[in-house]
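Here is how the chains run, residue by residue.
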2 protein chains.
Amino acid sequence: MSKSSKQRATLNDVARLAGVDVSTASRVLRGDTAQRVGKETKDRIHKSAKELEYLPNSVARALRTSKTYTLGIVVPQLDNPVFSAVIRGAERAAVAKGYSLLISHREPGETATTIANLSKRSRVDGLLVASLDEDEVLRTDLEAANVPYVLLNRQLPGAYYAVVLKSREAAKRATDYLISLGHRRIAHLSGRLGGFNANERLKGYCDALREAGIDYDSSLVEEAGYTFEGGKSAMLDLLGGDATAVMAATMVSAAGAMVALHEAGRQIPEDMSIIALHDGAIAEMLYPALSTVGMPTEEMGSVAAAILIQLLAGEQPEAVAALPAGPLIVRASTGPMTI
Amino acid sequence: MSKSSKQRATLNDVARLAGVDVSTASRVLRGDTAQRVGKETKDRIHKSAKELEYLPNSVARALRTSKTYTLGIVVPQLDNPVFSAVIRGAERAAVAKGYSLLISHREPGETATTIANLSKRSRVDGLLVASLDEDEVLRTDLEAANVPYVLLNRQLPGAYYAVVLKSREAAKRATDYLISLGHRRIAHLSGRLGGFNANERLKGYCDALREAGIDYDSSLVEEAGYTFEGGKSAMLDLLGGDATAVMAATMVSAAGAMVALHEAGRQIPEDMSIIALHDGAIAEMLYPALSTVGMPTEEMGSVAAAILIQLLAGEQPEAVAALPAGPLIVRASTGPMTI
DNA sequence: CTGAAAGCGCTAACAC
DNA sequence: GTGTTAGCGCTTTCAG
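Residues numbered from 1 in each chain as written. Chains lettered and ligands numbered in written order. Predicted model: local features only at pLDDT ≥ 70, side-chain atom pairs only at ≥ 80, totals over all residues. Heavy atoms only, no water.

1. Re the protein's contact with DNA strand D
Part 1 of the argument: The full set close to DNA strand D counts 26 residues, and Asp21(A), Gly38(A), Thr41(A), Leu11(B) and Arg64(B) are the nearest of them.
Part 2 of the argument: The separation between a phosphate oxygen of DNA strand D and a polar side-chain atom of Arg30(B) is 3.4 Å.
Part 3 of the argument: Separating a base nitrogen of DNA strand D from a backbone N or O atom of Ala60(B) is a distance of 3.4 Å. (Near = heavy atom within 4 Å. Polar contact = N/O pair within 3.5 Å; in protein donor to acceptor, adjacent residues only side chain to side chain.)

Put into structure tokens, the structure is as follows:
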């Protein structure tokens, strides 16, 4: 029926078939409102386009307009459920606005190359950046990239676009719950101390203690980072103490802590209650099922993408969007304090 | 020091600075071997390029050569560790060859749109496709996309490029281990029956039984799909029977099964041994830690990307690459059969 | 060995 | 209302 059909139709083909100039076809097909085109001509063009199954060549368009409609996202780990969620959210929002998502996994330390690659080589319009690297490093690389960017769950000094989770609030909520169960000796498995997120969570933990009139005891906070191994060894260190409950900075470190507890023969929650920030499928898989305070990680991705797209459209979004913590989800890993 | 430096230098700028024609600059900077260029000219061009921090504009190049050096990957779930691993592998291989990876998450049923978007709108050079959809649907969409593609862990009738895991072998290895432990009533939590992977695994399971002289009993195989919930409810169905061990098609369904077991008050592995195909971080987090037979999922991603890139280079790779199953990893979820 | 010229497919002034 | 023109930045014959 159709011609050789192997070659894609170009705007030129459409114009010729409709008997108009290519510029007119462009205006019509793009829905350009500035200039009026005769209804009849318009119809002919649309008809031709449909007949030829015309689809604009995005590369040519990108060259002409210097907009690729592609966003880059750089993440430090691909296997962490938190980042999967962020990517999912970003992808959804991007696609909804007609953008594509270029993904770039990057080992810590490779930030510079990755960002350069993405922005220079691949020509993305903007960048979504989740990093575990030091702030200064990140800052320099990002500036060099010379494209708009929004940071994921991290604030750099000096007012840049970022979307963050209210992890201080989440940490307080989690700790509050432990306190409400009667616990007083509550340990905290922190993130990478000094980092933005770890600090926020630590503050939330302290907020809760203070409000309950419990003294802060530095021997109860152990740095676990955001890994399984980190959680495991941090919990090991805590085992000699008198903590009866622990609030972990993230699900994955909580999972490590639970393994340490099992190996030491402690009962959860009888001997030790445990709650974590971030909710996800893993929480249900653990034994006992992990109580959590959810965090809208997927939403963080979609909001970040939306902000970036606004930026690209020349709008002026709020510099930092702070997403409220999710709900407390009580499962089996937490229980009342028993003497 | 430098000029306004906001604008990126073009090939034209480099050529002008070096006092040569843009075509010569192009030849040199591209390392074109076909035509010889004077050493002296060459040096001048390289020097100018460095001075101006020239980086080729990939969009312009893509328009000219109709190659974007971008691969698209479409995955059905972003939160499944199996797909995270595949993406990681694909990204690594792509970047190593100078390609970028465009990611596209797709709900089952949206295949057509996604594939069309990726190939038409975003202009990828080729596609990496992991799907849970029906074969015919997939096939049609893929053909319409009109770009080279390689399938991930799935074979379509009619000889297309694919990389698959030897899951039959893996399933046999896992089942063999259960048999070696003395189990005779071994259940199987299968994938989506009728699907390529589910079939392969079922075959491997049967191979092992046959070899051991154990009769196949269809009441022992329950369809669990590849989800947590599926595993949980499949295990529930099995609880009334006399199985003493279970081989799950994937880690996530095994996790669901373990929860069902816990909730029913069964001991693992005393009352029920459990082993799964696929290894990953989750296996260590479960309680008891899950025995597995590993699968090279990350490698599947990198091999697929490598094949696709070969294809794009006009080479003729093997149509289907079958990756051997990984090792048996014995953890705590399996134990000898006890009466 | 190097330059001139054409053009990938599209958009955006600017004419008429 | 619609056509003309001039490129975006690069690659690639084809001359010389």
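2. Observations concerning the interface of chain A and chain B
In many reports, interface size means the accessible area that the parts give up when they come together.
Part 1 of the argument: Each partner contributes residues to the interface: chain A has 40 residues there, and chain B has 40 residues.
Part 2 of the argument: Summing both sides of the interface, chain A and chain B together bury roughly 3900 Å²; the carbon and sulfur share of this comes to 61%.
Part 3 of the argument: By the criterion of area lost to chain B, the three top residues of chain A are Arg123(A), Met285(A) and Tyr287(A), representing 17% of everything that side buries.
Part 4 of the argument: Along the contact surface separating chain A from chain B lie 0 salt bridges.
Part 5 of the argument: Connecting chain A to chain B are 4 residue pairs in polar contact (both at pLDDT 80 or more).
Part 6 of the argument: Of all the elements in the fold, those that place two or more residues in the side of chain A that touches chain B are helix H4 (58-65), helix H5 (81-96), strand S2 (100-105), helix H6 (111-121), helix H11 (251-263) and helix H12 (281-285) of chain A.
Part 7 of the argument: Broken down by element, the side of chain A that touches chain B gets its largest block of residues, 6 residues, from S2(A).
Part 8 of the argument: Across the side of chain A that touches chain B, the residue classes break down as 19 nonpolar, 12 polar and 9 charged. (Contact = heavy atoms within 4.5 Å. Buried area = accessible area lost by both parts, 1.4 Å probe. Salt bridge = Lys/Arg side-chain N within 4 Å of Asp/Glu carboxyl O. Helix = DSSP H or I, 4+ residues; strand = E, 2+ residues; numbered from the N terminus. Nonpolar A, V, L, I, M, F, W, Y, C, P; charged D, E, K, R; others polar.)

3. Comments concerning the nonpolar core
Part 1 of the argument: Ile73(A) and Ile73(B) are the most contacted members of the largest nonpolar core, which has 161 residues in total.
Part 2 of the argument: Contact partners of Ile73(B), with chain neighbours within four places excluded, come to Val86(B), Ile87(B), Ala90(B), Leu101(B), Leu102(B), Ile103(B), Ser104(B), Leu118(B), Leu128(B) and Leu152(B).
Part 3 of the argument: Formed by 31 residues, the second largest nonpolar core is a distinct cluster that contains Val124(A), Ala145(A), Leu156(A) and Ala162(A). (Core = buried A, V, L, I, M, F, W, Y, C linked by side-chain atoms within 4.5 Å. Buried < 20%, exposed > 50% of the residue type's maximum accessible area, 1.4 Å probe, protein only.)

4. Quick look at unusual backbone geometry
Residue and element names in this part refer to chain A.
Part 1 of the argument: Put simply, Ile-268 and Pro-269 share a cis peptide bond, and its omega is 5°.
Part 2 of the argument: Mapped onto the elements, Pro-269 comes out in the loop between H11 and strand S9 (273-277).
Part 3 of the argument: Residues Tyr-287 and Pro-288 are joined by a peptide bond in cis, for which omega reads -5°.
Part 4 of the argument: As for its position among the elements, Pro-288 is in the loop between H12 and strand S10 (291-293).
Part 5 of the argument: We note that Asn-153 has phi near 50°; this positive angle belongs to a residue other than glycine.
Part 6 of the argument: Inspection of the secondary structure assignment puts Asn-153 in the loop between strand S4 (149-152) and strand S5 (162-165).
Part 7 of the argument: Looking at Asn-153, the relative accessible area reads 10%, which means it is buried.

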